[in-house]
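Fold and contact review
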Amino acid sequence: MAFPIAAIIQQAAGTTASVVSQYLAGKQKQAYYKALKENYNTNAEINDIQTARQAAYINESAASQTHQLRAEGEGTAASAKAAMVASGMDLSSGSAQAVLSSSERALKEDEDLLRYQAEVQAFENNKQGALESASLRSQAKTAQIMAHAAKQGRLGAWGTLLTGAAQIGGTFFDSIQEEKKRQEELKAKYGYFK
């Protein structure tokens, strides 16, 4: 039997090279996308921590400013009381009480304004941080999908191997059939196998 061994070996080598190349490329892509996913998730966690720290700083700064404002207001109120007493004004009088309560109200309004501004700033900070983290997590999810697709590509290498094996088997089977046909022709023509 004369089989086209060279053709079968060449076909097998080509299929094997294709499978190995496809498998390695898929494996490399999968590793890349997995690393990318981890990077995005890590950056999202870092962003969450930084956002929380910034919000805490905003609130602490507002508390410090409110405390300083309160101390200055109490100092101003004490100076006003001292000035009223020095001028001979009775602190229990209506006009003295009106001035002191007016100063207390203004101080309270300033404190409330500081707290409100801090809340707005912290809210905006948290909103922006949440959007950035969500974007990073979305990119991580996309990378995860791409890693899965790369894995499917690696599985496709096995399909290529099976297809190549079927083609090689077909070539081998065709060679056997051709050889049988040739032998039958020789037998019919010469009455024996050559």
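Our subject is the structure listed above.
Read on for a plain summary of the structure.

Conventions used here
- Residues numbered from 1 in each chain as written.
- Predicted model: local features only at pLDDT ≥ 70, side-chain atom pairs only at ≥ 80, totals over all residues.
- Heavy atoms only, no water.
- Helix = DSSP H or I, 4+ residues; strand = E, 2+ residues; numbered from the N terminus.
- Buried < 20%, exposed > 50% of the residue type's maximum accessible area, 1.4 Å probe, protein only.
- Contact = heavy atoms within 4.5 Å.
- Areas by Shrake-Rupley, 256 points an atom, 1.4 Å probe, with all protein chains shown as cover.
- Phe/Tyr/Trp six-rings, centres within 6.5 Å; stacked < 30°, edge-to-face > 60°.
- 1 Å grid on protein atoms, 1.4 Å probe; cavity = no way out; pocket = protein on both sides within 12 Å on 5 of 7 lines; lining within 4 Å.
- Points joined across faces, edges and corners; volume = space filled by probe spheres on them.
- Nonpolar A, V, L, I, M, F, W, Y, C, P; charged D, E, K, R; others polar.
- Salt bridge = Lys/Arg side-chain N within 4 Å of Asp/Glu carboxyl O.
- Patch = residues over 30% accessible without salt bridge, like charges linked within 9 Å, V, L, I, M, F, W, Y side chains within 5 Å.

Overview of the overall build of the protein chain
Within the protein chain, the regular secondary structure consists of 2 helices and 0 strands. The buried share of the protein chain, taken over its 194 residues, is 19%. Taking all contacts inside the protein chain whose residues are at least 6 apart in sequence as the whole, residues at least 24 apart take part in 83%. Entry remark: accessible area of the protein chain is about 13,300 Å², with carbon and sulfur atoms responsible for 58%.

Some points on the side chain of Asn125
For Asn125, the position within the fold is in helix α2 (residues 94-190). Residue classification places Asn125 among the buried residues on the basis of a relative accessible area of 16%. With residues near it in sequence (within four places) discarded, Asn125 still touches Thr51, Gln54, Ala55 and Ile58.

Brief notes about the packing of aromatic side chains
Summed over all chains, the structure comprises 1 aromatic pair. Seen in terms of ring centroids, Tyr32 and Tyr33 are 5.1 Å apart; in terms of plane orientation they differ by 65°. Their pairing is edge-to-face.

Structural notes on the environment of Ile58
Within the fold, Ile58 resides in helix α1 (residues 5-86). Given the relative accessible area of 7%, Ile58 is considered buried. Residues Ile58 and Arg115, 57 residues apart in the sequence, show an inter-C-alpha distance of 9.9 Å. Discounting chain neighbours no more than four positions away, the residues touching Ile58 are Ala118, Gln121, Ala122 and Asn125.

Looking at the layout of surface pockets
Roughly 220 Å³ of volume is contained in the largest pocket. Together, 13 residues line the largest pocket, and Gly73, Ala77, Ser103, Glu104 and Leu107 are the ones closest to its centre. The leading source of residues in the lining of the largest pocket is α1, at 7 residues. Of the residues assigned to the lining of the largest pocket, the class counts are 6 nonpolar, 3 polar and 4 charged.

As for the pattern of salt bridges
Once their charged atoms are close, side chains differing in charge can pair, the charge on each being opposite to the other. As enumerated under the stated definition, the model contains 6 salt bridges in all. With its nearest N and O atoms 2.7 Å apart, the salt bridge here joins Arg137 to Asp48. Of the two residues, Arg137 is situated in helix α2 and Asp48 in helix α1; the sequence distance between them amounts to 89 residues. Of the charged contacts in the structure, one is a salt bridge between Glu111 and Arg70, with a shortest N-O distance of 2.8 Å. Note that Glu111 is positioned in helix α2 and Arg70 in helix α1, a separation of 41 residues in sequence. Classification of Arg70 by relative accessible area gives partly exposed; the value is 23%. By sharing partners, the salt bridges in this structure join Arg70, Glu104 and Glu111 into a single network.

Some points on the side chain of Ser133
Structurally, Ser133 is set in helix α2. On the basis of relative accessibility, which here comes to 2%, the residue Ser133 falls in the buried class. Residues within four places of Ser133 in sequence aside, it is in contact with Ala44, Asn47 and Asp48.

Quick word on a nonpolar patch on the surface
Nonpolar side chains collect at one region of the surface, where Leu113, Tyr116 and Val120 lie side by side and expose about 290 Å² of accessible area between them. Tracing the chain through its elements places Leu113 in helix α2.

Description of the environment of Ala140
Take Ala140: it is sitting in helix α2. For the pair Ala140 and Tyr40, spaced 100 residues apart in sequence, the C-alpha to C-alpha distance is 5.2 Å. Not counting the four nearest positions on each side in its chain, Ala140 is found in contact with Lys37, Tyr40 and Asn41.

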